[in-house]
Structure formats: C-alpha cells, structure tokens
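Fold and contact review
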Amino acid sequence: MQSITIRRPDDWHLHLRDGEMLKGVIGDTSRHFARAIIMPNLVPPVVTTADAAAYRERIMAAVPAGDRFQPLMTLYLTEHTNPDDVEAGKASGLITAVKLYPAGATTNSHGGVRDIEKAMPVLERMARIGLPLCVHGEVTTPEVDIFDREAVFIDTVLEPLRKRLPELKVTMEHVTTKDGIDYISSSKANLAGSITTHHLIINRNAILVGGIKPHYYCLPVAKREHHRLALRAAATSGDARFFLGTDSAPHVDPLKECACGCAGIYTSINTMSCLVHVFEEENALDRLEAFASLSGPAWYGLPANEDTIRLVRRETPVTYPAKIETGAGPVTVFDPMFPLHWDVV
Ligand SMILES: NC(=O)N[C@@H](CC(=O)O)C(=O)O
Ligand SMILES: [Zn+2]
Ligand SMILES: [Zn+2]
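Definitions and limits used
Think of each chain on its own: its residues are numbered from 1, step by step along the sequence as written. Labels are handed out in written order, letters beginning with A for the chains and numbers beginning with 1 for the ligands. Given that this is a predicted model, residues contribute local features only at a pLDDT of at least 70 and side-chain atom pairs are listed and counted only at 80 or more, while totals for whole chains, interfaces and linings are drawn from all residues. Side-chain metrics in this entry use all non-hydrogen atoms of the structure; hydrogen atoms and water are not considered. Here, strands pair whenever DSSP counts at least two bridges between them. Note on conventions: DSSP H or I runs of at least 4 residues are helices, E runs of at least 2 residues are strands, and numbering of each starts at the N terminus. Every axis corresponds to a line fitted to the C-alpha atoms, with the helix fit spanning only the stretch in contact, and the corresponding angles, defined between N-to-C directions, vary from 0 to 180 degrees. Throughout, a contact is declared for two residues whenever any of their heavy atoms are within 4.5 Å. By definition here, a salt bridge exists when the distance from a side-chain nitrogen of Lys or Arg to a carboxyl oxygen of Asp or Glu is within 4 Å. Note on classification: 1.4 Å probe, protein chains only; a residue is buried when its accessible area is under 20% of the maximum for its type, exposed when over 50%, partly exposed between these limits.

**Re the sheet that holds strand β9 (residues 242–244)**
Taking strand neighbours across the sheet as the criterion, the eight strands line up as β2-β3-β4-β5-β6-β7-β8-β9 in an open arrangement whose pairing is parallel. Each end of this open sheet is capped by a strand with a single partner; those strands are β2 (11–14) and β9. Put simply, the sheet's adjacent strands are angled 30° from each other on average, direction ignored. Two strands pair when backbone bridges link them, and strand β3 (residues 35–38) and strand β4 (residues 70–76) are joined in this way by four bridges, in the parallel orientation. By the bridge assignment for β4, Ala-36 is matched with Pro-71. Of the strands in this sheet, β3, β4 and β5 (95–100) touch helix α2 (residues 49–62), which is tilted by about 150° from β4.

As structure tokens, this is what we get:
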C-alpha cells in the first residue's frame with residue numbers, strides 16, 4: 001500500500017459561517033487542518049477587532065472535543081475601518097490579515113470597498129506594521145466580462161496599489177487564471193497567491209456542459225482549461241509563493257439550487273483526498289507538503305505544524321457523503337467527478 005506522511009496542513013482561506021452552519025461544518029476542517037484563515041464575510045461582516053474576538057469565541061466553542069484547531073482571524077475592510085483598531089488587533093495577536101472585498105464582487109460583499117482611496121489610511125498602516133492584505137481579486141465593473149474580472153483587477157487595482165505601497169504584503173486569494181499565476185510568478189516581493197482545490201480540478205465546462213450545475217459555481221468562476229493547467233503547474237511546482245486556500249464555502253442546497261444561486265463550493269470534507277489525487281497525477285507527491293503545509297505558514301510568518309498526517313492509497317475508492325446535514329440545512333459536497341483513492345488516516 002502506498003502512503004505518504006506530511007506535516008499537518010493548514011487552510012489559508014476558509015468560510016466557516018456562523019450559528020448552526022458553523023457547528024455543522026467545522027469538524028470537516030478541524031479533522032485534518034491545524035489552522036485556517038477565517039473569512040470575515042458574515043452577515044453582518046466581521047469589521048472590528050471586537051467582532052473578530054467574539055467570532056473567534058463562537059468558533060472555538062464549536063470545535064469538536066478532541067480536535068486542536070486554531071482559527072486565524074481576519075477583518076473585513078470597509079471604507080470606515082479604523083487603522084488604530086486594526087493595529088491593536090495585530091498587536092494583540094488576534095488578527096492575521098485584513099480582507100479586501102471589492103463591493104459586490106462575491107457573497108456578502110456589498111459592505112466592501114467601492115473607492116480604494118478611502119481605504120488608503122488603513123492600507124498604509126498595514127504596510128507599516130507588516131499586516132497582510134488578502135484580496136478577492138475581481139473588479140465589479142458591469143462592462144467587464146465575468147471571465148476577465150481577475151485579469152482586469154490585476155491591471156487596474158492590484159498593480160497600481162502595489163506600486164503605491166510596495167511594502168504592503170498582498171495575498172491574491174483563490175487565483176483562477178494564468179494571468180494571476182504569471183503576475184505572482186513575476187513579482188519580486190510581497191506577493192503570494194492561494195489556490196483552491198476545486199480550481200485544480202474543474203474548468204468552466206463543469207458548470208455549463210450538459211445542463212447548468214450550480215454546485216460547481218463559485219467566485220471567481222472557474223475558467224478555461226489552459227488556466228486550470230497553469231494553476232496545477234504553479235501548485236505542484238514547489239514555488240513557495242503558492243499555497244492551499246480551499247475557499248470551502250458552504251451554502252445550503254436551497255440557496256444553490258434556485259434561479260439565482262449563491263457562489264461557493266463546499267470542499268472541506270474531501271479536500272485532502274482530492275489534492276493528493278491531483279499531486280499524484282502531476283507526479284508531484286513530493287511537493288504536496290510544500291503546498292499544503294509549509295509555504296502558507298512561511299508567508300504568514302508562522303511556524304509549520306509539528307505533527308503530521310498520513311495519507312494512504314486504497315485499492316477501493318474512498319467514499320464521502322454526497323451532502324452533509326447541518327442544523328442550517330443540507331450542504332452538497334464537491335464531487336470531483338473521478339474516484340478518490342487517497343484517504344487520511
Ligand atoms: N468563493 C465563493 O464562491 N464564495 C465565497 C466568497 C468568496 O470567497 O469569494 C462565499 O462566501 O460563499
Ligand atoms: Zn473570494
Ligand atoms: Zn472565499
């Protein structure tokens with residue numbers, strides 16, 4: 001039986017939600033992952049250090065007994081965010097990053113930033129104190145095609161911002177295009193990117209061929225095949241600027257399976273099985289640990305986890321439930337459309 005052992009992984013982009021949904025999903029992450037960067041796009045969003053402290057308590061209360069899990073909290077950047085509050089949050093050790101959602105770009109982002117000029121005082125402070133900015137890198141300009149929104153964001157928002165504040169550390173989250181990969185690869189410093197599990201597996205055909213498939217719809221939306229191949233090459237390259245952020249984003253099925261379905265794919269439960277499969281296909285099992293367990297902590301200035309997980313390849317496929325039941329309702333699990341043989345033991 002084939003097996004590999006890697007340092008325990010972390011998830012550098014995760015949606016845990018709140019209330020019954022939080023209770024229903026957190027175990028799927030804490031079973032395998034030691035830490036995760038927790039997205040602040042709740043309703044209402046996590047905007048102050050006090051909000052983040054209270055949310056952290058609710059998360060810790062929901063962690064299943066026996067799991068050791070550390071949520072790394074983020075603040076949702078608004079045009080009114082107070083730089084002193086952000087600095088105090090970092091100083092206390094509570095806040096790991098601040099998240100930029102262009103207003104209207106994705107789920108629960110209407111309170112995000114419309115005019116980046118208004119956020120400059122906070123961004124300047126973050127550059128000064130070394131607090132990373134995580135970005136949902138898509139413009140929301142109605143004229144820009146949804147498949148081009150990441151590339152246009154790089155040219156019109158990210159590059160000007162980085163020119164203006166070269167000391168600001170920026171994580172380009174859930175990179176979905178070759179443009180994003182090339183931009184990160186060509187940067188000299190202070191830029192890294194997270195890549196989701198599902199964007200390594202699906203291209204836009206998964207959403208649209210043979211009928212419309214809401215459970216493959218997320219933002220940024222999956223792109224053409226050559227973009228997926230660029231993501232796979234980057235993820236399996238060992239380049240420390242690319243690391244795992246699952247962007248596991250649960251929504252109850254009724255909110256996905258309707259005339260205006262929510263964006264988000266739920267992958268926490270089978271992410272590790274899917275990832276090993278991808279790395280095996282790319283003959284890069286020796287680089288899985290860098291992607292899932294080493295490059296993320298290095299970027300965020302944290303130690304890698306000391307304990308390990310073991311992954312084994314089973315003859316018969318490992319099965320996962322098609323959906324999980326939460327107190328908030330059923331959530332469909334990501335189906336990679338191929339059998340999974342790797343299991344976490
Ligand atoms: N990725 C998604 O499609 N959805 C995320 C938001 C986000 O990360 O953009 C969500 O909160 O549901
Ligand atoms: Zn996003
Ligand atoms: Zn997300």
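Structure shown, so let's carry the discussion forward.
**A few points about the pattern of salt bridges**
Taken as a whole, this structure holds 21 salt bridges when the rule is applied. Taking the shortest distance from any N to any O, the salt bridge between Asp-307 and Arg-8 comes out at 2.7 Å. Taken together, the residues span a long stretch of sequence, with Asp-307 in the loop between α11 (288–300) and β10 (308–318) and Arg-8 in the loop between β1 (3–7) and β2 at a distance of 299 residues. Asp-307 sits in the partly exposed class, given a relative accessible area of 31%. In this structure, Arg-232 and Glu-282 form a salt bridge, with 2.6 Å as the shortest nitrogen-oxygen distance. In this pair, Arg-232 sits in helix α8 (residues 225–235) while Glu-282 sits in the loop between α10 (271–281) and α11, placing the two residues 50 residues apart along the sequence. When its relative accessible area of 5% is taken as the criterion, Arg-232 is described as buried. The class for Glu-282 is partly exposed, based on a relative accessible area of 33%.

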